[in-house]
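# Working through the structure, step by step
This is what each chain is made of:
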Amino acid sequence: MSDQVNPFKLAQDQFDQVAEQMGLEQSVREMLRWPLREFRFQLPVRMDDGSIRVFFGFRVQHNDARGPAKGGIRFAANETLDTVRALATWMTWKCAVADIPLGGGKGGVVVDPASLSTSEKERLCREWIDAIWKNLGPRNDVPAPDVGTTPQMMGWMMDEYSKLRGEYVPGVITGKPIGSGGSLGRTAATGFGVVVTVREALRHLGLNAAGRTASIQGFGNVAQYAARTFIEMLGGRVLCISCWDRNDRTAYTYTHENGVDPYFLQSITDQYGTVNQEQAKKAGYVIEDGDAWRSKDVDVLIPAAVEGVITRENVEQISPKVKILAEGANGPTTLDADRVLKQRGIFVIPDFLCNAGGVTCSYFEQVQNDMNYYWTEEEVLQKLDLKMAGAFKGVLEKALEKKLYMRDAAYWVAIGRVEMAMRLRGWL
Ligand code: NAD
């Protein structure tokens, strides 16, 4: 997201636009334009050298009409209350469009996690819970990892909460390590869900899935599993992936004429996501510039790396052959570029529908924690498939009924569900 754009202003503008289309009552608009509750707190933490450093922490609960607030905790040096508010708002829409019984929340700490030792990180995680634990819980608000936080950190936070409550409460937080209440299937969930929505879109467009081609930006968690699932579930071919090289801080596109082999590429990618170029070349990969993924003649484009990569300046590079744009990443398309996609009739699967597989699996984690009974990976992915296909169907039906662009239809469905929950609870 560009530095000039206040993300919360953007979230409010997006909401206002759909609220106008939907003819929402003023009271509903007032409730949903702002979070229900916001917490900002100080976090004094003892550093390894004995000194005390004071951090600022946030937790925002945007809306919990449909169920406990849900959303990650970011540790980032440039974290602001407005970023957290925006992300909490988007979580409300994402959980509602996925039709899981959760609301929207988000949290954060202003800190560069790389500046902390492991024990300092642990103390900061525990302090964050100490500051806000009374407002968290499986029935109130359930955090998860996000930028700068990890499953291990969720494990410490769950432990701290359980100590304060005097009982084991794994469902207070998701994204925990396997063996400490985490769910099987979570690693694959987002990329898998992306491809389920692509499968449903192909079906709607009357196109056979087998033999379809895709071009993917990114080769991290979402992209790796999207690539595998596109090949294994749909029988498609992924012509290229594009990712960042940490050695020269440049993005490259790795193309193979027979389609990439994601397992091989994973085997030559280091823990920071950098592909070994020599080994890739030896295996017949052509290495092009980082933007090449965008202009490939493929059926499906899957941006699954970072935000703001399809812009007014480059949207025309998208090949006329592309039928579907599946937004695996959050916010990959700018508002200007979106207008062009709409005019060109490219079928867009909007981010908060397309990548909702992650939060849906987090919800499954919480359900398993509550039951204290754990599913196999196969069961998790089967349930995820049903849920994602159902979410896609709900949005498509709205788009067809009201003749809406898919992104507008997704907002329409999400906002409508939250409004209905607020009415049924007697808030309005
Ligand atoms: P990740 O950090 O695992 O991977 C990011 C990938 O993007 C890496 O391969 C990196 O090399 C690549 N990349 C970074 N900058 C690039 C550039 N300029 N050009 C090309 N490649 C570049 O992240 P992730 O978890 O896969 O998340 C990707 C996107 O999906 C993000 O927008 C994230 O918010 C969103 N998302 C992730 C999840 C999840 O469960 N992981 C869920 C919902 C949404």
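Residues numbered from 1 in each chain as written. Predicted model: local features only at pLDDT ≥ 70, side-chain atom pairs only at ≥ 80, totals over all residues. Heavy atoms only, no water.

### Remarks on the site of the ligand
Stated formally: The near set for a molecule or strand comprises every residue that places at least one heavy atom within 4 Å of it. Residues adjacent in sequence count toward polar contacts only when both atoms are side-chain atoms; beyond that, a polar contact is any pair of N or O atoms within 3.5 Å, and within protein one must be able to donate a hydrogen and the other to accept it. Only the protein chains shown count as cover for residues, and the accessible areas themselves come from Shrake-Rupley with a 1.4 Å probe.
Taken together, 20 residues form the shell around the ligand, and within it Thr190, Phe219, Asn221, Val222 and Trp244 come nearest. Trp244 is positioned such that a nitrogen or oxygen atom in its backbone is 2.9 Å from an oxygen atom of the ligand. Separating an oxygen atom of the ligand from a side-chain N or O atom of Asn330 is a distance of 3.0 Å. Considered on its own, the ligand offers 830 Å² of accessible surface; in the complex 70% of this is hidden by protein.

### A short note on the pairing of strand β2 (residues 52-63)
Filter applied, for reference: Two strands pair under a simple rule: DSSP has to find at least two bridges between them. The helix and strand labels rest on DSSP assignments: H or I over at least four residues marks a helix, E over at least two residues marks a strand, and numbering proceeds from the N terminus.
The pairing of strand β1 (residues 37-46) with β2 spans 10 bridges and is classified as antiparallel. Within the sheet, the bridge partner assigned to Arg40 lies in β2 and is Phe58. Counting the residues in the hairpin turn of β1 and β2 gives five residues, including Gly50, whose phi is positive at 95°. Direction of pairing for β2 relative to strand β4 (residues 104-110): antiparallel, over a ladder of six bridges. Within the sheet, the bridge partner assigned to Gly57 lies in β4 and is Val109.

### With respect to the domain arrangement of the protein
The condition that has to hold: The source of the domain bounds is an automatic or database domain assignment.
The domain architecture assigned to the protein consists of domain 1 (21-184) and domain 2 (187-345). Here the C-alpha centroids of domain 1 and domain 2 sit 30 Å apart.

### Re the packing of helix α6 (residues 186-204) against helix α7 (residues 221-232)
Note the following rule: Fitting a line to C-alpha atoms yields each axis, with helices limited to the stretch in contact; the angle taken between N-to-C directions then spans 0 to 180 degrees. Angles below 35 degrees are treated as roughly parallel, those above 145 as roughly antiparallel, those between 65 and 115 as roughly perpendicular, and all remaining angles as oblique. Helix crossings are classified by the rotation of the near helix relative to the far one: an anticlockwise turn of less than a right angle makes the crossing left-handed, while a clockwise turn makes it right-handed. Whether two residues are in contact is decided by their heavy atoms: any pair within 4.5 Å suffices. Just so you know the grouping, Ala, Val, Leu, Ile, Met, Phe, Trp, Tyr, Cys and Pro go in nonpolar, Asp, Glu, Lys and Arg go in charged, and all remaining residues, Gly too, go in polar.
It is at 7 Å that the axes of α6 and α7 come closest, and there the two elements cross at 50°. Judged by the angle between their axes, α6 and α7 are oblique. Of the two possible hands of crossing, α6 and α7 adopt the one that is right-handed. Residue-level contacts link Thr187, Ala188, Thr190, Gly191, Phe192, Val194, Val195 and Val198 of α6 to Asn221, Val222, Tyr225, Ala226, Thr229 and Phe230 of α7. Here the contact of α6 with α7 is composed, by residue class, of nine nonpolar, five polar and no charged.

### Comments concerning the packing of aromatic side chains
So the rule is basically this: The rule is short: rings of Phe, Tyr and Trp, with Trp giving its six-membered ring, pair when the centres are within 6.5 Å, and they are stacked under 30 degrees, edge-to-face over 60, tilted in between. The cut-offs for exposure are 20% and 50% of the maximum accessible area for each residue type, with area from a 1.4 Å probe on protein chains only; residues under the lower value are buried, those over the upper are exposed, and the others partly exposed.
Here the structure, examined in full by the defined rule, presents nine aromatic pairs. A ring pair is formed by Phe15 and Trp93, whose centres lie 5.8 Å apart and whose planes are at 5°; its orientation type is stacked. Here the residue Phe15 occupies a position in helix α1 (residues 7-22), and Trp93 occupies one in helix α3 (residues 81-97), the gap between them amounting to 78 residues. Both residues of the pair, Phe15 and Trp93, belong to the buried class. Considering the side-chain rings of Phe347 and Phe392, the 6.2 Å spacing of their centres and the 40° angle between planes classify their relative orientation as tilted. In this pair, Phe347 sits in strand β12 (residues 347-349) while Phe392 sits in helix α13 (residues 377-402), placing the two residues 45 residues apart along the sequence. Taking the relative accessible area as the measure of exposure, Phe347 reaches 11% and is therefore buried.

### A few points about the side chain of Thr174
Residue position: Thr174 is located in the loop between α5 (151-165) and α6. Side chain to side chain, Thr174 and Lys70 meet in a polar contact 2.8 Å long.

### Observations regarding the nonpolar core
Formally: Each nonpolar core is a collection of buried residues, namely Ala, Val, Leu, Ile, Met, Phe, Trp, Tyr and Cys, held together in the definition by side-chain atoms within 4.5 Å.
Among the nonpolar cores identified, the biggest contains 63 residues, and Trp93, Ile216, Ile241, Ile349 and Ile415 are the most heavily contacted of them. Those residues in contact with Ile349 that lie beyond four places of it in its chain are Thr197, Val198, Ala201, Ile324, Leu325, Ala326, Glu327, Cys354 and Phe392.

### What about the pattern of salt bridges?
Where we set the bar: Think of a salt bridge as a Lys or Arg side-chain nitrogen and an Asp or Glu carboxyl oxygen that are within 4 Å of each other.
Enumeration according to the criterion identifies 38 salt bridges in this entry. With a closest N to O distance of 3.0 Å, Asp159 and Lys163 form a salt bridge. Of this pair, Asp159 and Lys163 are both found in helix α5, four residues apart, which corresponds to roughly one turn of the helix. Assessed through its relative accessible area of 57%, Lys163 is described here as exposed. Shared partners join several salt bridges into a network, and the residues in it are Glu122, Arg126, Asp159, Glu160 and Lys163.

### With respect to the sheet that holds strand β8 (residues 250-255)
With mixed pairing, the seven strands of this open sheet are ordered in space as β9-β8-β7-β6-β10-β11-β12. Two strands lie at the open edges of the sheet, namely β9 (286-289) and β12, each paired on one side alone. Going from strand to strand, the sheet's axes swing by 20° on average, the running direction of each strand aside. Sheet analysis places strand β6 (residues 213-217) next to strand β10 (residues 300-303), joined by four bridges and oriented parallel. Within the sheet, the bridge partner assigned to Ala214 lies in β10 and is Val300.

### Describing the sheet that holds strand β5 (residues 141-145)
Read from one edge of the open sheet, five strands run β1-β2-β4-β3-β5, paired in mixed fashion. Since the sheet does not close on itself, it has two edges, and those belong to β1 and β5, each with one partner. Taking the axes of each pair of neighbouring strands and ignoring which way they run, one obtains an average angle of 25° across the sheet. Across the sheet, helix α4 (residues 118-132) touches β1, β2, β3 (69-76), β4 and β5, and the angle it forms with β1 is around 140°.

### Thoughts on unusual backbone geometry
Working note: non-glycine residues mostly have negative phi, and peptide bonds are mostly trans. Its identity as a non-glycine residue notwithstanding, Asp99 has a phi of 60°, on the positive side. Structurally, Asp99 can be placed in the loop between α3 and β4. On the basis of relative accessibility, which here comes to 36%, the residue Asp99 falls in the partly exposed class. For Lys403, which is not glycine, the phi dihedral falls at a positive 55°. Topologically, Lys403 is positioned in the loop between α13 and α14 (406-424). Under the relative-accessibility criterion, Lys403 is labelled exposed at 74%.

### A short note on the packing of helix α12 (residues 357-371) against α13
It is at 10 Å that the axes of α12 and α13 come closest, and there the two elements cross at 130°. One element, α12, and the other, α13, form an angle in the oblique class. The handedness of the crossing between α12 and α13 comes out as right-handed. Judged by residue contacts, Gly357, Thr360, Cys361, Phe364 and Gln368 of α12 engage Val380, Lys383, Leu384, Lys387 and Met388 from α13.

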